[in-house]
Amino acid sequence: MSFDDNRKFIEALEKSGDVVRITEEVDWDLEVGAIVRRASERRDKAPFFEKIKDYPAGFTIFGEPLGTHRRLAVALGLSADTAYREIRQEYERRLATPILPVVVQDGPCKENVLQADAVDLFQFPAPMVHEGDGGRYIGTWHAVICNDPERKWTNWGMYRLMIGNKNHLTGLCEPYSHQYDIFNRVYAPKKQNLPVAIAIGMDPICSMLSGSRSLGRKNEVDIAGALRQKPVALVKCETNDLLVPAHSEIVFEGEMLQGETMIEGPFGEYTGYRSDPRGPRPVYRINAVTYRNNPVLTMSCMGLPVTSDTVVRSMDYEILIKRVLKMNGIRFTDVHVPLESATMMAIVSVKPTYRGVANQIGYAFAAAQMGAYKVIVVEDDVDVFNMTEVLHALSSKCHPIRGIRQYDEAIEPSSLNPFSSPEERKWHLGAKVIFDCTWPLDWEGAVPGRVSFNEMYPRDIRERVLQKWTQYGYD
Ligand SMILES: Cc1cc2nc3c(=O)[nH]c(=O)nc-3n(C[C@H](O)[C@H](O)[C@H](O)COP(=O)(O)O)c2cc1C
Ligand SMILES: [Mn+2]
């Protein structure tokens, strides 16, 4: 079961009880943002806004499509209450077999076509997401699509987009991103603009993959096919050769301009803060707009967890971290990036067989471009998803001096790191720390034994207690 668009996805979420249809008229100016924000902070259902002030009936907004693990499970065609570990396992299993897209001649995204002077980005109910944002953000859950003619592949990335004026967008595109690399490596030397297509309101899986880093230089659309277990139908743009999902709700065709900037931001960010000041950012000129009748604009209201960003990127980071650890020959047993950390912390479990494994993990994290700054290394008798066990291990086993190791000036992919100084943020410099919660191997014979039901009682006693538990008067 996979969804071609959010319309079908919303129907499925209605069945599983994970969406609220809001028929009351809401204001695009902060009211929509405030509702999405509160729902996220309460881990509540996704809001689907059916009537937006100042906009025609049928122009709707769908907030935080993947803002909970339940919604992620439904998007993958799994039951809404599938345990997260199983969701991740299924996700990783499907990743292994890419399914190439098919190109079709026509699609719903061509129901309305506007070109040149007819383009007006204010035609869509882009929300003023947070108070004090630099403008109205129309790209917070979408894909910017571009080709790399040198290496012959197509990139999809989620890079935020603010409306600059009637036919220009501007937004943050970090230097480590694929799009910036293509813009800078292929197009800048020729002083050519980079053709782009911006697809908003794609199906949940296509959107999700646009925000994923673990794929590396793969065509995101091939992996979207893998996860959907069905190829994505693509259709050609009107004004360039790029291909977009035929079921996209809204498509902007344009160019990322050489040598021009617009003042963008600030914006409420994924870390739960607003750290990055207003400043000059890349500009996209929009030459054509195509959209479905009654378009569904998707959005994310970044800020304190849990948002679609947190849900998607935590899993993506776990997959990335596993790969980095494997590449370094580190034998780990599991990895968890807690949702509450907004991808800034990771827990890794290991079975130590040699000294210094935590330090080895520290170096691997410090060298890898990913924002898990705090890493808790536990032994494999701790379940990395059980924060009660993790906090106990951290409190009891990590030596306040010898158990902590810092790695300075680690290259940091995000310029939004709240604890870095403004100067460090500018240069993408971060730092990492390892909390080693493993027993030193040379303590052989002197390791404190853990006092727990499972570890401190003989099997026959435990079995008797379990068997008679309700007899004793417990539930
Ligand atoms: C909701 C959301 C918003 C994001 N906003 C930005 C952004 O404004 N700029 C940016 O460089 N990355 C942003 N990211 C992170 C990138 O999408 C992510 O790093 C992705 O891997 C980029 O694609 P690429 O690996 O193909 O470059 C965002 C991610 C999500 C999920
Ligand atoms: Mn990419």
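Everything that follows concerns the structure shown earlier in this document.
Rules of the game
- Counting starts from 1 at the beginning of each chain's written sequence and moves along it residue by residue.
- Just so you know, chain letters begin at A and ligand numbers begin at 1, following the order they were written in.
- In keeping with the model being predicted, local features are shown solely for residues with a pLDDT of at least 70 and side-chain atom pairs are shown and tallied solely at 80 or more, while totals for entire chains, interfaces and linings include all residues.
- Processing note: side-chain calculations cover all non-hydrogen atoms of the structure and skip hydrogens and water entirely.
- Coordinating N, O and S atoms are those within 2.8 Å of the metal (3.2 Å for Na, K and Ca), and as water is not part of the atoms, a site may appear to have fewer donors than expected.
- Helical segments are the DSSP runs of H or I of at least four residues, strand segments are the runs of E of at least two, and each set is numbered from the N terminus.
- Think of it in three bands: residues with accessible area under 20% of the maximum for their type are buried, residues over 50% are exposed, and the middle band is partly exposed, with areas taken using a 1.4 Å probe on protein chains only.
- Two strands make a pair as long as DSSP finds a minimum of two bridges between them.
- The crossover handedness rule: strands pointing away from the viewer, path from first strand over the helix to second strand clockwise, crossover right-handed.
- Definition of a polar contact: a pair of N or O atoms within 3.5 Å, with one able to donate and the other able to accept a hydrogen when the atoms are protein atoms, and with sequence-neighbouring residues admitted only if both atoms are side-chain atoms.
- Should any heavy atoms of two residues lie within 4.5 Å, those residues are counted as being in contact.
- To obtain each axis, a line is fitted to C-alpha atoms, and for helices this fit is confined to the stretch in contact; angles are then taken between N-to-C directions over 0 to 180 degrees.
- By definition, the arc is the one covered by directions from the helix axis to the C-beta atoms.
- Crossing handedness is read from the near helix: turned anticlockwise from the far helix by less than a right angle, it gives a left-handed crossing, and turned clockwise, a right-handed one.
- Charged residues are taken to be Asp, Glu, Lys and Arg, nonpolar residues to be Ala, Val, Leu, Ile, Met, Phe, Trp, Tyr, Cys and Pro, and polar residues to be all remaining types, Gly included.

Caption draft 1: Spatial organisation of the coordination of the manganese ion (ligand 2). At 2.0 to 2.2 Å from the manganese ion (ligand 2) lie its protein donor atoms, namely N155 (OD1), H178 (ND1) and E220 (OE). Read from N- to C-terminus, the donor residues coordinating the manganese ion (ligand 2) fall into the pattern N-x22-H-x41-E. Of this pair, N155 sits in strand β8 (residues 153-157) while H178 sits in helix α5 (residues 178-187); the two residues are 23 residues apart in sequence, bridging distant segments of the chain. Residue classification places N155 among the buried residues on the basis of a relative accessible area of 0%.

Caption draft 2: Spatial organisation of the pairing of strand β2 (residues 46-49). Burial along β2 is two-sided: A46 and F48 facing one way and P47 and F49 facing the other are all buried. Summarising the sheet, strand β1 (residues 19-22) and β2 pair through 4 bridges and their orientation is parallel. Bridge pairing links I22 to F49 in β2. Regarding the hand of the β-α-β motif, the stretch spanning β1, helix α2 (residues 31-41) and β2 is right-handed.

Caption draft 3: Seen up close, the side chain of E318. Secondary-structure assignment places E318 in helix α8 (residues 308-327). Of the residues examined, E318 reaches a relative accessible area of 0% and is grouped as buried. A polar side-chain atom of E318 sits 2.6 Å from a polar atom in the side chain of Y84. Only 2.8 Å separates the side chain of E318 from the backbone nitrogen of V337, close enough to count as a polar contact. In this structure, E318 is in contact with Y84, R88, V335, H336, V337 and F385, ignoring residues within four places of it in sequence.

Caption draft 4: Local environment of the sheet that holds β2. The strand order β1-β2-β3-β16 describes an open sheet built from 4 strands, whose pairing is mixed. Only two strands of the sheet have a single neighbouring strand rather than two, namely β1 and β16 (296-299). This sheet shows a mean twist of 20° between the axes of neighbouring strands, independent of strand direction. The strands that helix α1 (residues 6-16) touches are β1, β2, β3 (60-63) and β16; relative to β1, the one it contacts most, it runs at about 110°. Each of β1, β2, β3 and β16 is contacted by α2, which is oriented at about 160° to β2, the strand it contacts most.

Caption draft 5: Inspection of α1 at higher detail. Among the residues of α1, those classed as buried are N6, F9, I10, A12 and L13. Angularly, the buried residues of α1 cover 160° about the axis, an arc narrow enough to put them on a single face. Taken together, the buried residues of α1 touch β1, β2, β3, α3 (69-75), α6 (204-210) and β16. For α1, the side-chain oxygen to backbone nitrogen distance between the N-cap and R7 is 3.2 Å, and the N-cap itself is D5. The positive-phi residue at the C-terminal boundary of α1 is G17, with phi of around 75°.

Caption draft 6: Highlighting the packing of helix α4 (residues 84-95) against α8. Taken N-terminus to C-terminus, the directions of α4 and α8 make an angle of 60°; their axes are 11 Å apart at the nearest point. Along this stretch, α4 crosses α8, giving a crossing that reads as right-handed. Taking contact as the criterion, the partners of Y84, R88, Y91, E92 and L95 in α4 are, on α8, M315, E318, I319 and K322. Of the residues that constitute the contact of α4 with α8, the class distribution is 5 nonpolar, no polar and 4 charged.

Take it as geometry only, folks, not as evidence of what the structure does.
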